[in-house]
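Structural overview for review
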Amino acid sequence: MPRVYNFSAGPATLPVEVLEKAQKDLVDYQGNGMSVMEMSHRSPEYTAIFNGAIENLKSLMSVPDNYKILFLHGGASSQFGMVPLNLFSDKKKADYINTGAWSKKAIAEAKRYGTVNVVASSEDQTFNYIPEISNDMFDPEADYVHITTNNTIYGTTFPELPEVGNVPLVADMSSNILAQEYDVSKFGIIYAGAQKNIGPAGVAIVIVLEDLIGNELDICPRMFNYKTHADNGSMFNTPPTYAVYVAGLVFEWLIAKGGVAEMQKINEEKAGWLYDFLDNSKLFNGTTATNSRSTMNVPFVTTSEELDAKFIKEAAASGLKTLKGHRSVGGMRASIYNAMPTEGVKALVDFMKDFELKNK
Ligand SMILES: Cc1ncc(COP(=O)(O)O)c(C=O)c1O
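Cut-offs used in this document
- Residues numbered from 1 in each chain as written.
- Predicted model: local features only at pLDDT ≥ 70, side-chain atom pairs only at ≥ 80, totals over all residues.
- Near = placed C-beta within 6 Å.
- Helix = DSSP H or I, 4+ residues; strand = E, 2+ residues; numbered from the N terminus.
- Nonpolar A, V, L, I, M, F, W, Y, C, P; charged D, E, K, R; others polar.
- Buried ≥ 20, exposed ≤ 12 C-beta atoms within 10 Å, placed from the backbone.
- Axes fitted to C-alpha atoms, helices over the stretch in contact; angles between N-to-C directions.
- Parallel < 35°, antiparallel > 145°, perpendicular 65-115°, else oblique.
- Left-handed = near helix turned anticlockwise from the far one by under 90°.
- Contact = placed C-beta atoms within 7 Å.
- Core = buried A, V, L, I, M, F, W, Y, C linked by C-beta atoms within 7 Å.
- Domains from an automatic or database assignment.
- Pairing = 2+ DSSP bridges.
- Right-handed = clockwise from strand over helix to strand, strands pointing away.

Here we take up the site of the ligand. The full set of residues close to the ligand is Gly10, Gly75, Ala76, Ser77, Trp102, Thr148, Thr152, Asp172, Ser174, Ser175 and Gly193. Among the elements that take part in the shell around the ligand, helix H3 (residues 75-87) stands out by supplying three residues, more than any other. Residue composition of the shell around the ligand, grouped by class: two nonpolar, eight polar and one charged.

Gly10 connects to Pro11 through a cis peptide bond whose omega is -5 degrees. Even without being a glycine, Lys92 presents a positive backbone phi close to 55 degrees. Structurally, Lys92 can be placed in the loop between H3 and strand E3 (93-98). We note that Ser234 has phi near 60 degrees; this positive angle belongs to a residue other than glycine. In this structure, Ser234 sits in the loop between helix H5 (226-231) and helix H6 (241-256). Given 23 C-beta atoms within 10 Å, Ser234 falls into the buried group.

On to the packing of helix H1 (residues 16-24) against H6. The geometry of H1 relative to H6 is characterised by a closest axis approach of 9 Å and an angle of 130 degrees between their N-to-C directions. Classified by the angle their axes make, H1 and H6 are oblique. Crossing of H1 against H6: the hand is right-handed. For the pair H1 and H6, the contacting residues are Glu17, Val18, Lys21 and Ala22 in the first and Val246, Leu249, Val250 and Trp253 in the second.

Attention now moves to the nonpolar core. Membership of the largest hydrophobic core comes to 100 residues, with the highest contact counts inside it found for Ile189, Ala192, Ile205 and Ala247. Counting residues per element, this core draws most heavily on H6, which supplies ten residues. Shared between two domains, this core takes at least three residues from each, and those domains are domain 1 (17-256) and domain 2 (260-358).

Here the focus is the domain arrangement of the chain. Along its sequence, the chain is organised into domain 1 (17-256) and domain 2 (260-358). A separation of 27 Å is found between the C-alpha centroids of domain 1 and domain 2. Every contact between the two is made by 24 residues of domain 1 and, on the other side, 23 residues of domain 2. For the side of domain 1 that touches domain 2, a count of residues per class yields eleven nonpolar, eleven polar and two charged.

On the basis of which strands lie adjacent, the open sheet formed by three strands has the order E11-E12-E14 and antiparallel pairing. Looking at which strands have only one partner, the edges of the open sheet turn out to be strand E11 (285-286) and strand E14 (332-335).

For the rest of this paragraph, the subject is the sheet that holds strand E2 (residues 67-72). The mixed open sheet is built from seven strands, whose spatial order is E2-E10-E9-E8-E5-E3-E4. The open sheet has two free edges, formed respectively by E2 and strand E4 (115-121), since each of these has just one partner strand. Between one strand axis and the next, the sheet turns through 15 degrees on average, direction left out of account. Here strand E5 (residues 144-148) pairs with strand E8 (residues 169-172) via four bridges, running parallel. When the sheet's bridge partners are listed, Val145 is paired in E8 with Leu169. Of the strands in this sheet, E3, E5, E8, strand E9 (189-193) and strand E10 (204-209) touch H3, which is tilted by about 155 degrees from E9.

Here we come to the packing of helix H2 (residues 44-60) against H6. For the pair H2 and H6, interaxial distance at closest approach is 9 Å and the crossing angle is 45 degrees. With respect to H6, the axis of H2 lies oblique. The chirality of how H2 crosses H6 is left-handed. Facing Tyr46, Ile49, Phe50, Gly52, Ala53, Asn56, Leu57 and Leu60 of H2, the residues of H6 in contact are Thr241, Val244, Tyr245, Ala247, Gly248, Phe251, Glu252, Leu254 and Ile255. Its residues assigned to classes, the contact of H2 with H6 comprises twelve nonpolar, four polar and one charged.

A few words now on the pairing of E4. As defined by bridge partners, E3 adjoins E4 across six bridges and the pair is classed as parallel. Considered in E4, the bridge of Asn98 is made with Ser121. Handedness of the E3-helix H4 (residues 101-110)-E4 crossover: right-handed.

Below, the structure written as structure tokens:
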């Protein structure tokens with residue numbers, strides 16, 4: 001079967017060049033007579049893979065030298081707990097912006113260890129916008145401020161970062177890391193599950209300011225302590241070796257493509273085609289406030305649930321797969337991460353045009 005265009009929100013499509021490279025090296029990694037999966041994580045061959053991935057990520061995101069890059073298990077969801085366990089060192093209070101189901105999970109977890117102040121929320125309109133934020137909303141005494149830069153389910157992105165003064169800004173960047181340029185020095189912590197814009201599920205990336213390491217709560221389990229992983233180069237225990245290897249191939253692919261700035265340009269162009277079509281269509285409607293639109297996840301609906309279902313079925317039969325919206329919001333969602341080729345988005349828009357003509 002030829003490859004389809006897979007619009008899944010995550011795990012998501014990977015660059016075909018990366019899959020082919022992994023396939024070529026699967027059984028015998030570069031003359032070692034074994035797969036990367038079978039290598040000791042402390043072997044020289046694997047150390048080179050691991051360090052190469054860290055160096056390439058550092059260069060792609062221009063991570064300053066006073067940050068540690070950690071490759072951890074446990075997905076982005078473990079960070080919902082690790083952040084408060086490591087950062088509630090002083091006042092044990094934090095400010096959170098509630099922009100969706102993932103923010104809510106992060107809030108619920110932080111509440112177990114301290115006081116959470118939800119400074120703004122878009123829950124009143126099913127999270128279809130990013131709330132207005134001003135710097136006077138934040139508590140200057142808070143241990144940190146937490147945001148979700150891109151809200152995978154609702155297709156919203158912070159149009160700009162909040163001004164949080166001297167309080168560390170913590171960001172769940174799971175669904176738009178490496179898709180647009182961010183100044184890492186504005187953050188205390190950036191974390192992301194890999195399975196959207198980075199690689200296969202199984203590794204979470206944490207970029208943490210060194211000053212924030214080593215102030216954990218007494219109850220913090222050793223595996224949840226950033227210091228444990230920072231002191232051991234993410235090798236305190238066996239890291240998710242193969243997931244890191246594939247993520248490393250994606251980093252090499254990104255560098256060859258021109259890096260994050262070039263990706264951002266392409267992503268804006270790809271999303272622009274879809275939004276332009278949605279803005280002019282009489283059958284399809286985008287569901288996100290215009291000033292909060294994500295370039296990564298584009299949710300939309302037709303005029304009825306029956307037509308939505310018909311669209312999803314017929315699109316899948318035409319090789320445009322996984323367009324069903326998240327079960328909590330319904331409708332459709334096209335996730336168009338870095339690895340979604342421009343041809344995939346063009347094929348989707350063409351299919352939507354054709355569907356509209358046939359279903360007037
Ligand atoms: C923004 C965001 N945060 C967190 C998560 C949870 O990630 P994980 O499954 O890696 O724990 C997701 C997953 O879809 C997400 O989209």
